[in-house]
Amino acid sequence: MQDFKEEICLIVKNPYDTYKKNAITTATPGELTYMLYDGCLKNIRKAKHAIEEKDYAKKSDGISKAQSILRELQITLDPKIALSESMNLMYDYMIRRLSDANIKNDCEVLSEIEGYAVEFRDSWKQAMQISRSNQPVSGDSV
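Residues numbered from 1 in each chain as written. Predicted model: local features only at pLDDT ≥ 70, side-chain atom pairs only at ≥ 80, totals over all residues. Heavy atoms only, no water.

Trainee: Help me out: how do you make sense of unusual backbone geometry in this one?
Mentor: The general pattern is negative phi for most residues beyond glycine and trans for most peptide bonds. Positioned with a positive phi, Lys-54 is a non-glycine residue whose angle comes to about 60°. A relative accessible area of 60% places Lys-54 in the exposed class. A positive phi is found at Asn-105, a non-glycine position, where the angle reads about 50°. Within the element layout of this structure, Asn-105 appears in the loop between helix H5 (83-104) and helix H6 (107-133). (Buried < 20%, exposed > 50% of the residue type's maximum accessible area, 1.4 Å probe, protein only. Helix = DSSP H or I, 4+ residues; strand = E, 2+ residues; numbered from the N terminus.)

Shown next, in the form of structure tokens:
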């Protein structure tokens, strides 16, 4: 009974964590990719804010997380698709530039990478919308 009460307390204390976990576990691969882009952007913005606040530990953490997300996006690339090679090169560039920003505490470089991440996220969202609109509606004959 004690374990059950502790579990309920954890859920009540942070329902947002439960929501996030459910959102991730029920997301499609396309939605997960979109979430990765959003997470990358969130961490780049966190790093920019940390530089302004001179909180260099938080800056490094944000940049490190953004780089990890970009590496994860690299892993998901399908080498059979022609665009994958270009995307891989772009992700490599972004990771290197984030390292530069980390070393130099450079918000300008972070803004550059943020711009690319926004473009990728928005393009991905548009591709998901096109894909959904091209799928047959339930009950349609094929």
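What follows continues from the structure just given.
Trainee: Before we go on, may I ask you to explain the nonpolar core in this structure?
Mentor: Soluble globular proteins: nonpolar side chains tend toward being buried together. Ranked by internal contacts, the top residues of the largest apolar core, which has 23 residues, are Ile-44, Leu-70, Tyr-91, Met-94, Leu-98 and Leu-110. At the level of elements, helix H3 (29-52), helix H4 (56-75), H5 and H6 are the ones that each hand at least two residues to this core. Ignoring anything within four residues of it in the chain, the contact list for Tyr-91 reads Tyr-37, Leu-70, Leu-73, Gln-74, Leu-77 and Phe-120. (Core = buried A, V, L, I, M, F, W, Y, C linked by side-chain atoms within 4.5 Å. Contact = heavy atoms within 4.5 Å.)

Trainee: What exactly am I supposed to notice about the confidence of the model for the chain here?
Mentor: Detailed reading of the predicted model is not advised wherever pLDDT is low. A residue-level look at the chain finds 78% of positions with pLDDT of 70 or above and a mean pLDDT of 86. Taken element by element, the predicted model of the chain shows its lowest mean pLDDT in helix H1 (residues 2-13) (52) and its highest in H4 (98). (pLDDT = per-residue confidence, 0-100.)

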